[in-house]
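# Secondary and tertiary structure notes
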Amino acid sequence: MKRIVLSALLLAAPMLAQTPPNERITKLVVLQNVDPQAIGGLVGRFGVEYSTANGQMKSMVISGSPEKVAAAEAAIKQLDVAPKNIDLTVYFVVGGDQANLEGGAVPQEIRDVITQLKGTFTFKEYKMLDVLTLRTRAGSGADTSGILNTGNPPKMSRFSIRNATVSEDGTTIRIDRMHAGLRIPVVLPGGKGVEYTESGIDQDVDVKEGQKVVVGRSSLEGPQKALFLILTAHVIQ
């Protein structure tokens, strides 16, 4: 029995020598995309010490046991990925019964949606007032606007979001605080200036990648005329 124990100790001796107790290593990790200060708290959960100079240097120093440093490096690699770009397009479509309805022809890419609207609403005509497109990084906001006519003052369109994120499987885009609508000038009595009225929507939206969806309806000049907002979203790899 003594010989067996001695043999086991002799076999284990090289392994013990290879992993000194309380060994600590220090590594410099260079990041490509994320702010090191933004992920520092999460990295620290792996039992390592870390330090960052500032977000602009895109680097952090981590210290700890080899096993914990390796785990922290693996986590950093998963976090340090480029954010996806998102293309958002909103179509401003007006529906009404007037023969001289304002706007142009509805483009081919949304005619299937107009067919669905005709099955739900009784408007005889549908015209497109404007189309606005945003490209933004996931996790960021953006806004854009357009001018619809040459009047003085002009009627304007606007499209903005506070934030947009992509689901892990890339099939769903969540848009926070989306605003899409028209700014319509109203001349004050006696020509004493101009005020703008807003017509549109403000809401959070979930939309499937590539799907065309009606995200809002707003009255224009009473119930005989309505503004429809059709949204489509694409993830750019």
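## Overview of the sheet that holds strand β11 (residues 212-219)
If you trace the four strands from one edge of the open sheet to the other, you get β5-β4-β12-β11, paired in antiparallel fashion. Every interior strand has two partners, whereas the edge strands, β5 (125-137) and β11, have only one. Neighbour-to-neighbour, the strand axes of this sheet turn through a mean angle of 20 degrees, independent of strand direction. Relative to strand β12 (residues 225-236), β11 runs antiparallel, the two being bridged by seven bridges. Each residue of the ladder has a partner; that of Gly216, found in β12, is Leu229. The sheet contacts of helix α4 (residues 111-120) involve β4 (85-96), β5, β11 and β12, and relative to β11 the element is tilted by about 50 degrees.

## What about the packing of aromatic side chains?
Considering all chains together, one arrives at five aromatic pairs under this definition. Ring plane angle 15 degrees and centroid distance 6.4 Å describe the contact between Phe121 and Phe123, whose orientation is recorded as stacked. A relative accessible area of 26% places Phe121 in the partly exposed class. Centroid distance Phe123 to Phe228: 6.2 Å. Interplanar angle 75 degrees. Geometry classified as edge-to-face.

## Comments concerning the nonpolar core
Counting 28 residues, the largest nonpolar core has Phe159, Ile175, Met178 and Leu231 as the members making the most contacts within it. Put simply, the parts of the chain that give this core at least two residues each are β4, β5, β7 (156-161), β9 (172-187), β10 (194-208) and β12. The residues contacting Leu231, other than those within four sequence positions of it, are Thr89, Val90, Phe159, Ile175, Met178, Val205, Val207, Gln211, Lys212, Val213 and Val215. If you look at the next biggest cluster of nonpolar residues, it comprises 13 residues, including Val113, Leu117, Phe228 and Ile230.

## Focus: the environment of Val205
Inspection of the secondary structure assignment puts Val205 in strand β10. Setting aside anything within four residues of it in sequence, one finds Val205 in contact with Ile173, Arg174, Ile175, Met178, Val215 and Leu231.

## Notes on unusual backbone geometry
You will see that Lys58, though not glycine, has its phi angle at about 50 degrees, which is positive. Note on placement: Lys58 falls in the loop between β2 (49-51) and β3 (59-64). On the basis of relative accessibility, which here comes to 25%, the residue Lys58 falls in the partly exposed class. Phi is positive for Arg177, which is not a glycine, with a value near 50 degrees.

## Comments concerning the environment of Glu198
With respect to the helices and strands, Glu198 occurs in strand β10. Separated by 16 residues in the primary sequence, Glu198 and Leu182 have C-alpha atoms spaced 5.8 Å apart. Ignoring sequence-local partners within four residues, the contact set of Glu198 consists of His179, Leu182 and Arg183. At a separation of 3.0 Å, a polar atom in the side chain of Glu198 contacts the side chain of Arg183.

## Quick word on the pattern of salt bridges
Applying the stated criterion across every chain yields a total of nine salt bridges. In this structure, Glu73 engages Lys27 in a salt bridge whose closest nitrogen and oxygen atoms are separated by 3.3 Å. Of this pair, Glu73 sits in helix α3 (residues 66-79) while Lys27 sits in strand β1 (residues 25-30), placing them 46 residues apart in sequence. Take Glu73: its relative accessible area is 27%, and that puts it in the partly exposed class. Residues Lys155 and Glu102 are paired through a salt bridge, measuring 3.1 Å at the closest nitrogen-oxygen approach. Linking Lys155 in the loop between β6 (142-147) and β7 with Glu102 in the loop between β4 and α4, this pair joins segments that are 53 residues apart in sequence. The class for Glu102 is partly exposed, based on a relative accessible area of 30%. In this structure, a network of salt bridges that share partners links the residues Arg174, Asp176, Asp204 and Asp206.

## What to know about the sheet that holds β1
On the basis of which strands lie adjacent, the open sheet formed by three strands has the order β1-β3-β2 and antiparallel pairing. Because the sheet does not close on itself, it has two edges, and the strands there are β1 and β2. Pairwise comparison of adjacent strand axes, ignoring direction, gives a mean angle of 20 degrees for this sheet. The pairing of β1 with β3 spans six bridges and is antiparallel. Its bridge partner being in β3, Val30 is matched across the sheet by Ser59. Across the face of the sheet, helix α2 (residues 36-44) comes into contact with β2 and β3 while running at roughly 15 degrees to β3. α3 contacts β1 and β3 of the sheet and is inclined by roughly 150 degrees relative to β3.

So, how was this worked out
- Counting restarts for each chain, with residues numbered from 1 along the sequence as it is written.
- Per-residue local features of the predicted model are confined to residues with pLDDT of at least 70, and side-chain atom pairs are confined, for both listing and counting, to 80 or more; whole-chain, interface and lining totals are unaffected and use all residues.
- Here the side-chain values reflect all heavy atoms present in the structure, with hydrogen atoms and water set aside.
- Whether two strands pair comes down to DSSP finding at least two bridges between them.
- Per the convention used, a helix needs a DSSP run of H or I reaching at least four residues, while a strand needs a run of E reaching at least two, with both numbered from the N terminus.
- All axes here are fitted lines through C-alpha atoms, helices being fitted over the stretch that makes contact, and every angle between N-to-C directions spans 0 to 180 degrees.
- In this description, contact between two residues means that some pair of their heavy atoms is separated by no more than 4.5 Å.
- Stacked, tilted and edge-to-face are the three classes assigned to paired rings of Phe, Tyr and Trp, where Trp is represented by its six-membered ring and a pair needs centres within 6.5 Å; plane angles under 30 degrees give stacked, over 60 edge-to-face, the rest tilted.
- The cut-offs for exposure are 20% and 50% of the maximum accessible area for each residue type, with area from a 1.4 Å probe on protein chains only; residues under the lower value are buried, those over the upper are exposed, and the others partly exposed.
- Joining through side-chain atoms within 4.5 Å is the link that ties buried Ala, Val, Leu, Ile, Met, Phe, Trp, Tyr and Cys residues into a set, and such a set is a nonpolar core.
- By the criterion applied in these results, polar contacts are pairs of N or O atoms within 3.5 Å in which, for protein atoms, one can donate a hydrogen and the other can accept it, and in which residues neighboring in sequence qualify only through two side-chain atoms.
- Salt bridges are defined as contacts in which a side-chain nitrogen from Lys or Arg sits within 4 Å of a carboxyl oxygen from Asp or Glu.

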